[in-house]
Amino acid sequence: MAMYMSMANTLSSTAAPLKLSSCRRSLPLYSTSFLPLNLKTPPSLLSLSPHHHQIQIKSSHRRLIVAKSNDSDSVDIPDRLISAVCYFYPFFDGIQYGKYVITQFSFMETLIQPLVPAIRVFKSFPFNGFLVFLTLYFVVVRNPNFSRYVRFNTMQVIVLDVLLIFPDLLERTFNPKDGIGLDLLMSVDSTVFLFLLVSLIYGSSSCFLGQVPRLPIVADAADRQVM
């Protein structure tokens, strides 16, 4: 018992009293041990002023407008000229259907007069129409070097020229000399000629303006042939 009391006295005399420290350490909200990512703002963003941001937005918007104006679908001038000239082919090939209209209306003769030399050259050889047909089809329509705009318009005039076979067969089959048959033939020929004339004016003027002319009956057939 005396030994235990001596050990207790020894411990009480040597041990220093324990004190709770009132010092408090404030830990940062985001410690590097928990958040290894660098959340600092890039120097490039800090160096840019709001005015500089506005200039960049305006310049980007300007580049977008310029790219849109240089659209690849726009028609070049050579393509317009080639397509416009092609519409003279079915008109020259079917000029004989206008013999009744031209003789009845003098202004039609005045309208056609500037084209007479070219029509004479086209009609000078019997196979000119067929040769032009082969040239347009194999050299232009089937040639991928030409734009689709040129190939579509060329194919459209080819289909229109092929349709001239039907009034030609009608005239060769019946060939009436007088009566109702002659009146019917005159009406058919005049209608075909006027349709060719309107197709020439509409097709050529649309091509000169860079637009896509779509003739009734033949436009859908031309679309199917041109890929």
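The notes below deal with the structure included here. (Residues numbered from 1 in each chain as written. Predicted model: local features only at pLDDT ≥ 70, side-chain atom pairs only at ≥ 80, totals over all residues. Heavy atoms only, no water.)

### Details of the overall build of the protein
Per the secondary structure count, the protein includes 13 helices and zero strands. For the protein, the N- to C-terminal ordering of α and β elements is α-α-α-α-α-α-α-α-α-α-α-α-α. The proportion of buried residues among the 227 residues of the protein is 28%. For the protein, the accessible area works out to roughly 16800 Å², and carbon and sulfur atoms hold 67% of it. (Helix = DSSP H or I, 4+ residues; strand = E, 2+ residues; numbered from the N terminus. Buried < 20%, exposed > 50% of the residue type's maximum accessible area, 1.4 Å probe, protein only. Areas by Shrake-Rupley, 256 points an atom, 1.4 Å probe, with all protein chains shown as cover.)

### Some remarks on the state of the cysteines
Applying the stated criterion to the full structure yields zero disulfides. The thiol sulfur of Cys 207 is not disulfide-bonded, and the nearest other cysteine sulfur, from Cys 86, lies at 8.2 Å. Overall, the relative accessible area of 0% leaves Cys 207 in the buried class. (Disulfide = S-S within 2.5 Å.)

### A word on the pattern of salt bridges
Per the counting criterion, the structure on display carries seven salt bridges. We note a salt bridge from Arg 148 to Asp 223, for which the minimum N-O separation is 3.5 Å. Note that Arg 148 is positioned in helix H10 (residues 148-162) and Asp 223 in helix H13 (residues 219-225), a separation of 75 residues in sequence. A residue is classified by how much of its surface remains accessible, and Arg 148, at 37% relative accessible area, is partly exposed. Among the ionic pairs, Asp 220 bridges to Arg 214, the shortest N-O distance being 3.2 Å. Here the salt bridges share partners, and the residues they tie into one network are Arg 148, Arg 214, Asp 220 and Asp 223. (Salt bridge = Lys/Arg side-chain N within 4 Å of Asp/Glu carboxyl O.)

### A few points about the packing of aromatic side chains
Under the definition given, this model contains ten aromatic pairs. With a centroid separation of 5.8 Å and an interplanar angle of 40°, the aromatic rings of Phe 91 and Phe 193 are classed as tilted. One end of the pair, Phe 91, is in helix H5 (residues 88-93); the other, Phe 193, is in helix H12 (residues 179-208), and 102 residues separate them in sequence. For the residue pair Phe 91 and Phe 193, the accessibility class agrees, reading buried in each case. Within the aromatic cluster, the residues linked to one another by ring pairs are Phe 88, Tyr 89, Phe 91, Phe 92, Phe 122 and Phe 193. (Phe/Tyr/Trp six-rings, centres within 6.5 Å; stacked < 30°, edge-to-face > 60°.)

### Considering the nonpolar core
In this structure, Phe 91, Ile 112, Met 155 and Phe 193 are the most contacted members of the largest nonpolar core, which totals 40 residues. With sequence-adjacent residues up to four places away left out, Ile 112 is seen in contact with Phe 91, Ile 95, Ile 102, Ile 119 and Phe 193. (Core = buried A, V, L, I, M, F, W, Y, C linked by side-chain atoms within 4.5 Å. Contact = heavy atoms within 4.5 Å.)

### Observations concerning helix H9 (residues 128-141)
Taking 1.5 Å of rise per residue, 14 residues should cover 20 Å, and H9 covers 18 Å from first to last C-alpha, within 8% of that figure. Residues of H9 that are buried: Asn 128, Gly 129, Leu 136, Tyr 137, Val 140 and Val 141. Down the axis, H9 shows its buried residues gathered within 160° of arc, on one side only. Buried positions along H9 lie against helix H4 (77-86), H5, helix H8 (116-123), H10 and H13. (Expected span 1.5 Å × (residues − 1). Arc of directions from axis to C-beta.)

### Considerations on H4
Looking at H4, one finds that the buried residues are Asp 79, Ser 83, Ala 84 and Cys 86. The buried residues of H4 occupy an angular sector of 155° when projected down its axis, which confines them to one face. In H4, those exposed residues whose orientation departs by more than 90 degrees from the buried face are Ile 77 and Val 85. Packing partners of the buried residues in H4 comprise H5, H9, H10 and H12.

### Concerning the side chain of Asn 153
For Asn 153, the position within the fold is in helix H10. Discounting residues that sit within four places of it in the chain, Asn 153 has contacts with Ser 83, Tyr 87, Cys 207 and Pro 213.

This is a description of form; function is not addressed.
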